[in-house]
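Coordinates in review
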Amino acid sequence: MKQYIGRRTAYCLLSLFLLSVTIFFFVRVTGDPATLLVEPGASEADIAAIHHQFGLDRPLWVQYGIFMASLAHGDLGQSFYYRTPVMELYLSRLPNSLYLAAVAMLLSLLIGIPSGVLASVRVGGFWDSAGKMFTLLGLSVPSFWVGLVLILIFSVYLGWLPSSGAGTPLHLIMPAFALGWYFAAAHMRLTRSSMLEVLGSEYVKLARLKGLPQSLVIAKHAFKNALIPVLTVAGINLVIMVKVAIVVEVVFAWPGIGRLLYEGITFRDFPVVQGVVLMGGAMIVIVNLVVDILYAVIDPRIRLES
Amino acid sequence: MVRDEQSSLIGSYPTRRDVLALTALGLVAGVPRSSFAVEPSGQLTWGIHVSLAPTWFDPAETPGLITPFMVLYALHDAMVKPMPGQPLAPCLAESFSASEDGLSYEFVLRKGAKFHNGDPVTAEDVKYSFERYRGTSHDLIKERVASIETPDPRHIRFALKAPWPDFLTFYATATGAGWIVPKTYAEKVGDDGFKKAPIGAGPYRFVSFTPGVELVLEAFDQYWRKTPSVKRLVFKSIPEETTRLAALQRGEVDIVYSIRGELAEELRRTPGLTLKPVLSPAPFWVYFPDQWDPKSPWSDERVRRAASLAIDREAMNDAITLGYSKVTGSIIPYSFEFFWQPPMPSYDPAAAKRLLAEAGHPNGLDAGEFYCDSSYSNVAEALLDNLQAIGIRTKLRPLERAAFIEAYAHKKLKNLILGGSGAFGNAATRLETYVVKGGAYVYGSYPDIDALYQQQAVELNHKRRGEILDKTQQILAKRTIYAPIWQLGFINGAGPRVGESGFGLITDFAYTGPFEDITLKGS
Amino acid sequence: MAIQTDVIALPPRAPSRFASLRLKDFPLIPVLILGSIALVAIFANVLAPHNPEIGSLTARFKPPVWQTGGSTKYLLGTDQLGRDVLSRLIFGARVSMVVGFTAVIFAGIIGTALGIISGYLGGWVDQVIMRLTDTWLALPGVTFAIFLAAIVGPSMWNIVIILALTYWTRYARVIRGEVLSLKEREFVRLAIVAGCSKWTIMYRHILPNIINSAIVLGTLMLGVVIIAEATLSFLGIGVPPPQAAWGLMLSDGKQSLMVGRWWLSVLPGLCIMLMVLSANILGDWLRVKLDPQLRQL
């Protein structure tokens, strides 16, 4: 078991290392941040001064070394644009993104699971079709558009909700919906096929034979079992949501990581981009690691297979 | 994001005698504090178009952009800075003067000028702020200053190594070196600490900052010029334009920056909201980088002139900036020193077609690629249509801003470029960067222009220098080296709660200022 | 008098791959929609009444023909530069189709190939490819696209490449999973015993069985790719103007939406929605028919 965990952890570190190298060199190919921090037409001396200030005039491998060395201390460097430590920026925005993703996930499950159940049970019924249509629509429109239309309807015309920013639960509703609608469809599909499989299983057939009423069969037996794969996927989707939220964050001026990353790229703020991507990568890798370990704990066959 | 800069000096700066005379007449800018100051009250909220960076709270780090000044005018104050009606108004300095030989400048500090923590502003702070400055052009300005003397707490003398007519403009507007921070405090908390809790001498003091979200400021009632009328200022960052307008419409913010195109129309139509356009000193133009290549059709001046004649500037102005831009025939902003007024460009597609035919292209020509910054794609698309109408066919290649600037500067672009600049300076500096050999964005040059430029660089007589620069600009226009389009109108908006918004008070300043003059309606 | 004919026993026809497709819940409408879009895309030059890229400022913001101010000259109105919306929608179909299909196919080729190699060969090759996939996934698609756009500059083909490079990982993971279970099957083991080389096995035995999943994945990815193109345009790095692309029209039209000129964003939005919805419904149906095992999707 220890060997398994050890191997998995080693692979994780390898992934992260690869990621750090990739992102480090990638950002530097995208352009020169100095040109964005001065007026066009600034002197060569000004630009050179900025290069020096950010350590960009040193050889690449030296820059990388410095980067990795500070990383070992938990220091992600200093943002070019904000001139504050990246770790601080990241940690101050992360809760907002997690908060948004959590609510969006909740919404997507609240919409997706019931429609999936309905779709599997009453195939062809009105609610089934309506539910399916609604969720599938979420897959068919870009989230920025959903966001803009929501702002138009609920903020400007109806005046019910605040248009942007964060602060109160009211601020959360529209962005969460814009973000979560897309995933609702994925969850609906999964619930539906999962339910179908369980409903066809021996276990349920036996329950029916025993004479249990249909609704009880569904609620007690089928549903719980069908939920397992859905929740597994939901876990991974949560992390993905944090990433995909860039667009929603830009539209709603939500102070999350997505916006931080987008602005970092636009301003060629290397440390910010490196930091956010690395932290995001670390999150995914760690989540995967934990899931893998849990699987291994539950199912011995997995850890014995080399 | 429009990049624009504060104007440079128009005309000459006062000599010691002039200053004494003005002081005597009480005409030096800076109304003395009224004896009965009204309590500041209320709050105004801004929706700004960029993310606030803590580096803007520290004048020592002013980059070459204009955006930090939207905050600097509130938090800090300078010895001399642009104010309503005066491009170089003495602020923290009560008066200033230059020696006859141009080698030294003296400043007298205003009595009673205080920092937010109650400390008085002294000569030591002025000297410290200058030496601490490390933003744009800092090596340039520091190189030319031989020494700074502080004979007493209210007098500062800058001694230059050589006469430099532009010293004051650089000190007052181009750099942050003239914006004063408290020495004892800054040294105590260090640079990082200073950015977290800045202290300045401006009309508003720092309360809190949530990165990427909002900045909160409160009125400083001991500001020398006047007590601000609004008690609290909140700056919210809303980069997405439509969301910004929505916030203004809902009253979540009172003032917004940068509303373009159709949204500006909507703003105009909404009752209670006012459109606040400001003319930015940022001319836009079409550049012909191929004109020095004899094989290229652009080497023929007639072809270039045809392109310029094909552009319907007025229609574009109305369509894209609601008519608030100012059509121009020069790449040098109207407000720059040594600006020469060229003949206004006209719209004449028939004449353009004739010129093309004369130059050997009766059926139009394939002009290759047309590069632009993708945030100005709408302007470029309109231009493309105009050119198409007279037979010049091009393919638009919008580039993301950073990539565009870099490619432009590294001479990687060709055929046609839509460019613009809000850089600070005067006609000479603009020519240096965009026309004369060796300039950052120069793809080729003409020997006669280069020669003239060299001449004016060493000409100390202001009038004669102006004449040389006029001649240079005439050649620029005659030869259609550029096809200038307009100076961009920067459109902002104000809501119903705003009394005096602060827009347009300071010439060439795109944002609201001075902050102490901003009021709520009804107060 | 009855005519005697010999009864000939015909050998039973082997069921074709698509035999199971002939069923009552064949999604007719989605297929028709996709087909029409394809036709419009192919015959755009003939169908479009105006040049989609050139307009005149005097004809800006004309509403569709059924609203006051509309005219039959511009059936669906004009945009901010006076370009005909109908023509732009028609040519936009071409872009959406091309970008959508090519990106999906490219991503599919890369992802399937790597998925098969990784799943079949196993060992360190598998690990390397999986680590690569992990790393790639950690770069959020949009970020990655922004990077690439900054380096190579936006153009339609660059967008295709960008999207292909962003989405191949989805294929790789799923295909690899399939291959892992296929590896244990009889016919593969027989092939190994018979002495086939690894590459032959991968190409001739594994690949044909994977195609189903790849196709299903493809139809599902089509929708994702088209939405991604729209999102990239919103962020300013999609198919560059003045080309007519639905995503770009949607993004350009967002201001107009606020001002009441609904046709500039609702119409392209509708087109995107129809295309993606159809692709999704088709994909769902294919998934159920071709390979019920793919419930993970």
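Residues numbered from 1 in each chain as written. Chains lettered and ligands numbered in written order. Predicted model: local features only at pLDDT ≥ 70, side-chain atom pairs only at ≥ 80, totals over all residues.

1. Observations regarding the overall build of chain B
What counts is decided by this rule: Counting from the N terminus, the helices are DSSP H or I runs at least four residues long and the strands are E runs at least two residues long. To sort residues by exposure, count the other C-beta atoms lying within 10 Å of each residue's C-beta; 20 or more gives buried, 12 or fewer gives exposed, and values between give partly exposed, all with C-beta atoms placed from the backbone. Any pair of residues counts as being in contact when their C-beta atoms, constructed from backbone geometry, are within 7 Å of one another.
What chain B contains, in helices and strands, is 16 helices and 17 strands. Reported as C-alpha extents along the three principal axes, the dimensions of chain B are approximately 75 × 60 × 40 Å. Counting over 523 residues, chain B shows a buried share of 57%. Of the contacts formed within chain B by residues at least 6 apart in sequence, a portion of 72% connects residues at least 24 apart.

2. Details of the overall build of chain C
Along the backbone of chain C there are 11 helices and 0 strands. For chain C, the sequential pattern of α-helices and β-strands runs α-α-α-α-α-α-α-α-α-α-α.

3. Focus on the interface of chain B and chain A
The partner chain A presents 38 residues to the 41 residues of chain B that form the contact. Among the secondary structure elements, those contributing two or more residues to the side of chain B that touches chain A are helix H4 (138-144), strand E10 (230-237), helix H7 (241-249) and helix H13 (401-409) of chain B.

4. Things to note about the nonpolar core
Using the following cut-off: For the purposes of this analysis, a nonpolar core is taken to be any set of buried Ala, Val, Leu, Ile, Met, Phe, Trp, Tyr and Cys residues that are connected through C-beta atoms within 7 Å.
Within the largest apolar cluster, 323 residues are counted, with the highest numbers of intra-cluster contacts made by B:Val80, B:Leu92, B:Val286 and C:Val225. C:Val225 has contacts with C:Gly100, C:Ala103, C:Val104, C:Leu163 and C:Tyr167, leaving out every residue within four places of it along the chain.

5. Examining the pairing of strand E6 (residues 145-152) of chain B
Residues and elements named next belong to chain B. For clarity, the threshold we go by: Any two strands with at least two DSSP-identified bridges between them are counted as paired.
The buried count for E6 comes to 0 of 8 residues, which makes it a mostly uncovered element. In this sheet, strand E7 (residues 155-160) lies alongside E6 in antiparallel orientation, the contact comprising 5 bridges. Counterpart to Glu149 in the pairing with E7 is Arg157.

6. Description of the sheet that holds strand E5 (residues 104-109) of chain B
Residue and element names in this part refer to chain B. Quick note on the threshold: What counts as an axis is a line fitted to C-alpha atoms, over the stretch in contact for a helix, and the angles between N-to-C directions run from 0 to 180 degrees.
The 4 strands are arranged E4-E5-E7-E6 in an open sheet whose pairing can be described as antiparallel. Bordering the open sheet on either side are strand E4 (93-98) and E6, each of which pairs with just one other strand. With strand direction ignored, the average angle separating the axes of adjacent strands in the sheet is 15 degrees. Packed on one face of the sheet, helix H3 (residues 123-132) meets E5, E6 and E7 and runs near 165 degrees to E6.

7. Section: the environment of C:Ala230
All names here are of chain C. Tracing the sequence through the fold places Ala230 in helix H8 (residues 198-234). Residue classification places Ala230 among the buried residues on the basis of 29 C-beta atoms within 10 Å. As for Ala230 and Ala149, which are separated by 81 residues in sequence, their C-alpha atoms are 14 Å apart.

8. Some thoughts on helix H12 (residues 257-266) of chain A
Side chains that are three or four residues apart share a direction in an α-helix, a result of its 3.6 residues per turn. Residues and elements named next belong to chain A. The element H12 is extensively covered by neighbouring structure, given that 10 of its 10 residues are classed as buried. Within the sequence span of H12, burial applies to Ile257, Gly258, Arg259, Leu260, Leu261, Tyr262, Glu263, Gly264, Ile265 and Thr266. In the stretch just after H12, Arg268 is the one whose phi turns positive, near 50 degrees.

9. Examining the packing of helix H15 (residues 447-457) of chain B against helix H16 (residues 462-478) of chain B
Residues and elements named next belong to chain B. Going by this rule: Oblique is the label for any angle not under 35 degrees, not over 145, and not in the 65 to 115 range, which are roughly parallel, roughly antiparallel and roughly perpendicular in turn. In this scheme, a crossing is called left-handed if the near helix is turned counterclockwise away from the far one by less than a right angle; it is called right-handed if the turn is clockwise. As a working rule, the residues Ala, Val, Leu, Ile, Met, Phe, Trp, Tyr, Cys and Pro are called nonpolar, Asp, Glu, Lys and Arg charged, and the rest polar, with Gly in that last group.
As a packed pair, H15 and H16 sit with axes 9 Å apart at the nearest point and diverge in direction by 165 degrees. As far as their axial angle goes, H16 and H15 are roughly antiparallel. Viewed along their axes, H15 and H16 form a crossing whose handedness is left-handed. Contact residues: H15 offers Asp448, Ile449, Leu452, Tyr453, Gln455 and Gln456, while H16 offers Arg465, Ile468, Leu469, Lys471, Thr472 and Ile475. Residues belonging to the contact of H15 with H16 are distributed by class as follows: 6 nonpolar, 3 polar and 3 charged.

10. Thoughts on the pairing of E5(B)
All names here are of chain B. Only one face of E5 is buried: it carries Tyr105, Phe107 and Leu109, and the other face, with Ser104, Glu106 and Val108, is open. Relative to E5, E4 is paired through 5 bridges, and the arrangement is antiparallel. Each bridged residue has a counterpart across the sheet, and for Ser95 the counterpart in E5 is Val108. Here E4 folds back onto E5, and the loop between the two strands holds 5 residues, one of which, Gly102, carries a positive phi near 75 degrees. Examined bridge by bridge, E5 and E7 share 5 bridges and lie antiparallel to one another.

11. Some words on the packing of helix H3 (residues 85-121) of chain C against helix H11 (residues 263-290) of chain C
Residue and element names in this part refer to chain C. Two numbers describe how H3 lies on H11: the axes approach to 11 Å, and their chain directions differ by 30 degrees. Judged on the interaxial angle alone, H11 and H3 are roughly parallel. In this structure, H3 meets H11 at a crossing whose hand is right-handed. In contact with Val85, Leu89, Gly92 and Ser96 of H3, H11 contributes Trp263, Leu264, Leu267, Pro268, Cys271 and Met275.

12. Focus: the confidence of the model for chain C
Residue and element names in this part refer to chain C. Put simply, the rule is: Per-residue confidence from the predictor is reported as pLDDT, which spans 0 to 100.
Here chain C averages 80 in pLDDT, and 89% of its residues register 70 or above. pLDDT under 50 marks residues 14-22. Its contacts with residues more than four places away, or in other chains, come to 3 contacts. Taken together, the chains of this predicted complex give a pTM of 0.80 and an interface ipTM of 0.76.

13. Quick look at H16(B)
Residue and element names in this part refer to chain B. This is how it is decided: Expected span of a helix, by definition, is 1.5 Å for each gap between consecutive residues, and there is one gap fewer than residues. The directions considered for the arc run from the helix axis to the C-beta atoms.
Over its 17 residues, H16 extends 24 Å from the first C-alpha to the last, a length consistent with the 24 Å expected when each residue adds 1.5 Å. Buried within H16 we find Arg465, Leu469, Thr472, Gln473 and Leu476. For H16, the buried positions fall inside an angular range of 95 degrees around the axis, keeping them on one side. Those residues of H16 that are exposed and aimed more than 90 degrees away from the buried face are Lys463, Arg464 and Lys478. Contacts made by the buried residues of H16 are with helix H14 (427-434) and H15. Positive phi appears at Thr480, one or two residues downstream of H16, with a value of about 45 degrees.

14. Let's talk about the environment of B:Pro211
You can see B:Pro211 is positioned in the loop between strand E8 (204-210) and strand E9 (214-219). Here B:Pro211 falls in the buried class, since 20 other C-beta atoms lie within 10 Å of it. For the pair formed by B:Pro211 and B:Gly118, sequence separation is 93 residues and the distance between their alpha carbons is 27 Å. Non-local contacts of B:Pro211, meaning those with residues more than four positions away in its chain, are made with A:Tyr82, A:Thr84, A:Leu89 and A:Ser92.

15. Looking at unusual backbone geometry
For the bond running from B:Gly513 to B:Pro514, omega is -10 degrees, close enough to zero to count as cis. The topology assignment puts B:Pro514 in the segment after strand E17 (482-494). You will see that B:Thr480, though not glycine, has its phi angle at about 45 degrees, which is positive. As for its position among the elements, B:Thr480 is in the loop between H16 and E17. Phi angles above zero are rare outside glycine, and C:Phe61 is one such case at about 55 degrees. Along the chain, C:Phe61 turns up in the loop between helix H2 (44-47) and H3.

16. Quick word on the confidence of the model for chain B
Residues and elements named next belong to chain B. Mean pLDDT over chain B: 84, with 92% of residues reaching 70 or higher. Here helix H1 (residues 16-24) stands out as the element of chain B with the lowest mean pLDDT, 44, in contrast to strand E11 (residues 255-256), whose mean of 94 is the highest. Within the model, pLDDT remains below 50 along residues 1-36, and this stretch shows 83 contacts once partners closer than five positions in the same chain are excluded.

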